[in-house]
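Single-letter residue listing:
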Amino acid sequence: NAGVTQTPKFQVLKTGQSMTLQCAQDMNHNSMYWYRQDPGMGLRLIYYSASEGTTDKGEVPNGYNVSRLNKREFSLRLESAAPSQTSVYFCATNRDISGNTIYFGEGSWLTVV
Amino acid sequence: AQSVTQPDIHITVSEGASLELRCNYSYGATPYLFWYVQSPGQGLQLLLKYFSGDTLVQGIKGFEAEFKRSQSSFNLRKPSVHWSDAAEYFCAVGAGNYGQNFVFGPGTRLSVLP
């Protein structure tokens, strides 16, 4: 049981390049999330998807887009990467929007130069 | 809106010593409370959670936490630390019924001396 799988684990981008972070879960959870983690700031929510077919902005959505492809997959896209987007990105899932226990993937380390 | 503070950025303890990591939250009602642990290069693993009932909750790896409403605290404790406990620990608050209202503290990094 893989749980929450993120790809890629490491990526270096040049400013202005685009890329997509992929996330897949096999926990049959309805809700999925993308967070970024920066030193001293904990985790901040970028976007979330309460259920298949819906997405909503979190605390720091600017510069990102998401797609909830199906129940299992939730991708995060950087259209034009900026150095400020250098961070560790975590995908997470929750049984449903009221399940109240979040489970995390192992993270994707992104550096924008 | 809810908030979480973890007053200690970095704590160092000797192996075998007891540990207490502090967490204070701000929220108008009784929140859902969590502790997660993150080992270097890894994702966050749930240690324990409090939803209601007994204010002393037991988690994995020998950790426990106590919810104190009067102090708005949810401190994490372990009676005897092992070298493998060195990691970063995050306290989180999940307010209401919506997962999007999870708020994480800034984290406390734990170092363990042999």
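Residues numbered from 1 in each chain as written. Chains lettered and ligands numbered in written order. Predicted model: local features only at pLDDT ≥ 70, side-chain atom pairs only at ≥ 80, totals over all residues. Heavy atoms only, no water.

Looking at the overall build of chain B
Then step 1. Regarding its fold elements, chain B presents zero helices and twelve strands.
Then step 2. When its helices and strands are written in sequence order, chain B yields β-β-β-β-β-β-β-β-β-β-β-β.
Then step 3. Computed over its C-alpha atoms, the radius of gyration of chain B comes to 13 Å, within 12% of the 13 Å expected for a compact globule of 114 residues.
Then step 4. Its C-alpha atoms give chain B principal-axis dimensions of about 40 × 30 × 20 Å.
Then step 5. The buried share of chain B, reckoned over its 114 residues, is 45%.
Then step 6. Expressed as a percentage of contacts within chain B between residues at least 6 apart in sequence, the contacts between residues at least 24 apart total 54%.
Then step 7. Carbon together with sulfur atoms contributes 49% to the accessible area of chain B, which is approximately 5300 Å² in total.
Then step 8. Charged side chains of chain B number 8 positive and 8 negative; the gap between the two group centres comes to 4 Å. (Helix = DSSP H or I, 4+ residues; strand = E, 2+ residues; numbered from the N terminus. Rg over C-alpha atoms; globule rule 2.2 N^0.38 Å. Buried < 20%, exposed > 50% of the residue type's maximum accessible area, 1.4 Å probe, protein only. Contact = heavy atoms within 4.5 Å. Areas by Shrake-Rupley, 256 points an atom, 1.4 Å probe, with all protein chains shown as cover. Lys, Arg positive; Asp, Glu negative; His and termini not counted. Charge placed at Lys NZ, Arg CZ, Asp CG, Glu CD.)

What about the sheet that holds strand β8 (residues 74-78) of chain A?
Residues and elements named next belong to chain A.
Then step 1. Taken in spatial order, the four strands line up as β1-β3-β8-β7 in an open sheet, and their pairing is antiparallel. Only two strands of the sheet have a single neighbouring strand rather than two, namely β1 (4-7) and β7 (64-68). Pairwise comparison of adjacent strand axes, ignoring direction, gives a mean angle of 15° for this sheet.
Then step 2. Taken together, the three bridges between strand β3 (residues 19-25) and β8 define a ladder with antiparallel strand orientation. Bridge pairing in β8 links M19 to L78. (Pairing = 2+ DSSP bridges. Axes fitted to C-alpha atoms, helices over the stretch in contact; angles between N-to-C directions.)

Comments concerning unusual backbone geometry
Then step 1. The peptide bond linking A:T7 to A:P8 adopts the cis configuration, its omega dihedral lying at -10°.
Then step 2. Tracing the chain through its elements places A:P8 in the loop between β1 and β2 (10-13).
Then step 3. If you check the backbone angles, B:K61 has positive phi at about 60° while not being a glycine.
Then step 4. Note on placement: B:K61 falls in the loop between β7 (56-58) and β8 (64-68).

Just distances and angles here, no functional claims.
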